[in-house]
Amino acid sequence: MDNKTPEARSLNMKAVTGKNTKPEMFVRSLLHKSGFRFSLHKKGLPGSPDLCMPKYKTVIFINGCFWHQHKGCKKAALPKTNVDFWSEKLGKNLQRDQLQYEELEKMGWRVLVIWGCICQQKNATQILEKVRKFLTGNEKYSEIG
Ligand SMILES: [Zn+2]
C-alpha cells in the first residue's frame with residue numbers, strides 16, 4: 001500500500017486518466033471525420049478506454065507521454081527534483097496500464113495506444129493510416145507514436 005492521502009490519490013488519478021485532453025480531442029475528430037464511430041470512456045472496461053469500437057473489437061487509449069511514460073520520448077523525461085518519488089509514481093502507472101491492457105485482451109479486446117506527442121495535424125494522414133491498418137488487421141496490441 002502507498003501512504004498517500006485519499007485526496008492526493010484522487011488528484012493523481014485525475015492527472016493520470018486525463019480525459020478529454022487536447023490529443024484525445026484531436027484523434028476523436030480525426031476518426032469521426034473519416035467515418036469511424038465509437039463510444040467514449042467506456043465505464044466497466046478496465047481503464048475506461050478513451051475510445052471503444054466494438055465493431056472492430058478494439059479499444060483505443062490516447063496516452064499522455066509523461067504520465068504513461070512514452071519510451072524514448074523527450075516529453076516523458078523525469079523532473080530533475082524528487083526523482084525517486086516520480087520514478088516510483090510513474091512506474092506504478094506503467095504497471096497499472098499493463099495490467100489493464102492484459103485484462104482487456106483476456107476479455108477479447110484488441111488494444112491500440114496512440115501517444116500524445118504524435119497527435120498533431122501534420123501527422124493526421126499517418127495516424128489515420130495506422131489506425132485503419134490496426135482496425136482491419138488482427139494484431140492484439142499496437143502503439144502509434
Ligand atoms: Zn511521446
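Bear in mind that the values here come from a model prediction, so they are computed numbers and not experimental data.

A.B. asks: Describe the confidence of the model for the chain, naming the residues involved and giving the relevant values.
C.D. replies: When the pLDDT values of the chain are averaged, the result is 89; 88% of them are 70 or greater. No element of the chain has a lower mean pLDDT than helix α1 (residues 6–17), at 51, and none a higher one than strand β4 (residues 110–115), at 98.

A.B. asks: How would you sum up the side chain of D50? Please name residues and give values.
C.D. replies: Among the secondary structure elements, D50 is positioned in the loop between β1 (39–40) and β2 (51–53). Taking the relative accessible area as the measure of exposure, D50 reaches 2% and is therefore buried. Of note is the side chain of D50, whose polar atom sits 2.8 Å from the backbone nitrogen of I62.

A.B. asks: I'd love a proper account of the pairing of strand β5 (residues 141–144), names of residues and values included.
C.D. replies: A one-sided burial pattern is seen for β5, the buried positions being S142 and I144 and the unburied ones Y141 and E143. Across 4 bridges, β4 lies against β5 in parallel orientation. By the bridge assignment, V111 is partnered in β5 with Y141. For the handedness criterion, the β-α-β arrangement of β4, helix α4 (residues 124–136) and β5 is classed as left-handed.

A.B. asks: Give a detailed account of the coordination of the zinc ion, specifying residues and quantitative values.
C.D. replies: Summarising the metal site, the zinc ion is bound by the protein donors C65 (SG), H70 (ND1), C73 (SG) and C117 (SG), whose distances to it range over 2.0 to 2.4 Å. For the zinc ion, the 4 donor atoms are set out with angles of 102 to 114° between them, so the coordination reads as tetrahedral. Here the donor residues of the zinc ion are spaced in sequence according to C-x4-H-x2-C-x43-C. With C65 in the loop between β3 (58–63) and α3 (83–106) and C117 in the loop between β4 and α4, the pair connects residues that are 52 residues apart, well separated along the chain. According to the relative accessible area criterion, C117 is partly exposed, its value standing at 21%.

A.B. asks: Run through the layout of surface pockets, naming residues and quoting values.
C.D. replies: Roughly 220 Å³ of internal volume is contained in the second largest pocket. If you go around the second largest pocket, the residues you meet are N63, H68, Q69, K71, L94, D97, Q98, Y101, V113, W115, Y141 and E143. Breaking the lining of the second largest pocket down by element, the ones donating at least two residues are α3, β4 and β5. Sorting elements by how many residues they give to the lining of the second largest pocket places α3 first, with 4 residues. Residue composition of the lining of the second largest pocket, by class: 5 nonpolar, 4 polar and 3 charged.

About the criteria used
Residues numbered from 1 in each chain as written. Predicted model: local features only at pLDDT ≥ 70, side-chain atom pairs only at ≥ 80, totals over all residues. Heavy atoms only, no water. pLDDT = per-residue confidence, 0-100. Helix = DSSP H or I, 4+ residues; strand = E, 2+ residues; numbered from the N terminus. Buried < 20%, exposed > 50% of the residue type's maximum accessible area, 1.4 Å probe, protein only. Polar contact = N/O pair within 3.5 Å; in protein donor to acceptor, adjacent residues only side chain to side chain. Pairing = 2+ DSSP bridges. Right-handed = clockwise from strand over helix to strand, strands pointing away. Donors = N, O, S within 2.8 Å, 3.2 Å for Na, K, Ca; no water. Tetrahedral: all angles 85-135°; square planar, octahedral: opposite > 155°, others 65-115°. 1 Å grid on protein atoms, 1.4 Å probe; cavity = no way out; pocket = protein on both sides within 12 Å on 5 of 7 lines; lining within 4 Å. Points joined across faces, edges and corners; volume = space filled by probe spheres on them. Nonpolar A, V, L, I, M, F, W, Y, C, P; charged D, E, K, R; others polar.

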